[in-house]
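Breakdown of the fold
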Amino acid sequence: MAKRPKTIITCAITGAIHTPTMSDALPYRPEDIAAQAVAAAEAGAAILHLHARRPTDGGVSINPQDFAAFLPQIKQATGAVVNISTGGSLKNTIEERIAPALTFSPEMCSLNMGSMNFSFHPLAKRYDTWKFDWEKDYVENSDTYIFRNTFADIANVAKTLAPHDIKFEHECYDVGHLYNLRFCMDIGLFKAPIFLQFIFGILGGIGPEVDNLVFMKRTADRLFGDDYRWSVLGAGGAQMGLAATASQMGGHVRVGLEDSLLIARGQLATSNAQQVAKIRRIVEDLGCDVATPDEAREILGLKGADKTAF
Ligand code: KMH
Ligand code: ZN
């Protein structure tokens, strides 16, 4: 029987969806982001997907200085691949959103493959009181946001970051995003092997059913042949089940408090590392090996940690 490919675990540490009221475990101070990222790497995450937050109140930050407060600490303490988000918050321009990646030239950064509704406003109903003033409006008003990622934006990111040799985590929230990416490859914006993150369960994107995962994978096979590697992110309660399914299908997995605050149905996770340890256990119990950071570098064709600017 052919050897099964190793599974890369990405952990997305804090993100821009959840707010401090929703979980005490969600890190927002730089020392907490660093500590949770290091613990997630020790638990088995080969890639750390990172956003920054305002240290004072946990608001979403795209200020490179807020990244500078944790990136060197993470690099010093782990060999994990650092992936910097270009998602920002839903209100920033694409130029603002790529400033951290441009500043720090990481091995990887995210790139969202289409414009869409991106809403988490239903979460607002669950909380009567909020830790910080900004949270309620931020969550409630997400039903008015359009997450803008036009073809011009995508080309702008690709061309601006091209000299940095950064591998993109192409975030695909629906099947049309795969076709957008194929088009972008046809006009020479991205080199194989590309890395796709299939995203399920965001309000505005495709739902978290296994049927949809099979459909996305089959479409990607048709569009990209052998030129792609892929991973799955299920939002909220779909996180672990879809990750387990993806690893059985030969894909990679993403967990982390950015996308789900849970460790089990109705139970909050105590840390990012707890989610990493759980998916690692599942992946290994089901007969796959987990990739080390250097194995992830090899699988994805990354430039190496020595070529980053932090
Ligand atoms: N939290 C994901 C669903 C980005 O950072 O560019 C979206 C995300 C976007 O990870
Ligand atoms: Zn993100």
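Definitions and limits used
- Residues numbered from 1 in each chain as written.
- Chains lettered and ligands numbered in written order.
- Predicted model: local features only at pLDDT ≥ 70, side-chain atom pairs only at ≥ 80, totals over all residues.
- Heavy atoms only, no water.
- Helix = DSSP H or I, 4+ residues; strand = E, 2+ residues; numbered from the N terminus.
- Rg over C-alpha atoms; globule rule 2.2 N^0.38 Å.
- Buried < 20%, exposed > 50% of the residue type's maximum accessible area, 1.4 Å probe, protein only.
- pLDDT = per-residue confidence, 0-100.
- Donors = N, O, S within 2.8 Å, 3.2 Å for Na, K, Ca; no water.
- Near = heavy atom within 4 Å.
- Polar contact = N/O pair within 3.5 Å; in protein donor to acceptor, adjacent residues only side chain to side chain.
- Areas by Shrake-Rupley, 256 points an atom, 1.4 Å probe, with all protein chains shown as cover.
- Nonpolar A, V, L, I, M, F, W, Y, C, P; charged D, E, K, R; others polar.
- Contact = heavy atoms within 4.5 Å.
- Disulfide = S-S within 2.5 Å.
- Arc of directions from axis to C-beta.

A few words now on the overall build of the protein chain. In terms of helices and strands, the protein chain carries 11 helices and 14 strands. Relative to the globule expectation of 19 Å for 310 residues, the C-alpha radius of gyration of the protein chain, 18 Å, shows essentially globular dimensions. Considering only C-alpha atoms, the protein chain reaches an extent of 55 × 45 × 40 Å along its principal axes. Counting across all 310 residues of the protein chain, residues that qualify as buried make up 58%.

Low pLDDT marks stretches whose predicted atomic positions should not be read closely. Of all residues in the protein chain, 99% attain a pLDDT of 70 or more, and the chain-wide mean is 97. Mean pLDDT across the elements of the protein chain ranges from a minimum in strand β8 (residues 146–147), with 94, to a maximum in strand β1 (residues 9–12), with 99.

What follows concerns the coordination of the zinc ion (ligand 2). Bound to the zinc ion (ligand 2) on the protein side are H49 (NE2), H51 (NE2) and E258 (OE), at distances that span 2.0 to 2.1 Å. Of note, the donors binding the zinc ion (ligand 2) are all from one chain and are spaced H-x1-H-x206-E. Of this pair, H49 sits in strand β2 (residues 47–50) while E258 sits in the loop between β12 (252–255) and β13 (262–264), and the two are 209 residues apart along the sequence. Summarising the burial analysis for this pair, H49 and E258 share the class buried.

Moving on, we get to the site of ligand 1. Among the 13 residues in the neighbourhood of ligand 1, the closest are listed as S85, S110, N112, E258 and D259. S110 has a polar side-chain atom sitting 2.7 Å from an oxygen atom of ligand 1. Burial of ligand 1 by the protein amounts to 97% of the accessible area it has alone, namely 300 Å². Looking at side-chain class alone, the shell around ligand 1 contains three nonpolar, six polar and four charged residues.

With that out of the way, let us pick up the environment of A192. By the secondary structure assignment, A192 is in the loop between α7 (175–186) and β10 (194–200). Using a relative accessible area of 41% as the deciding quantity, one classes A192 as partly exposed. Each C-alpha atom of the pair A192 and A99 lies 25 Å from the other, and the pair is 93 residues apart in sequence. Among all residues touching A192, those that are not within four sequence positions of it are M185 and D227.

Further remarks concern the state of the cysteines. Using the criterion set out here, one finds zero disulfides in the structure. Sulfur of C11: no disulfide; nearest cysteine sulfur belongs to C109 and is 18 Å away.

This next bit is on helix α11 (residues 293–300). All of the buried residues in α11 are A296, R297 and L300. Angular distribution of buried residues about the axis of α11 spans 105 degrees; they occupy a single face of the element. Facing away from the buried surface of α11 by more than 90 degrees, the exposed residues are D294 and E298. Where α11 is buried, its residues touch β2, β5 (81–84), β6 (108–112), β9 (167–172), β10 and β11 (228–234). Within two residues after α11, G301 carries a phi angle of roughly 65 degrees, on the positive side.

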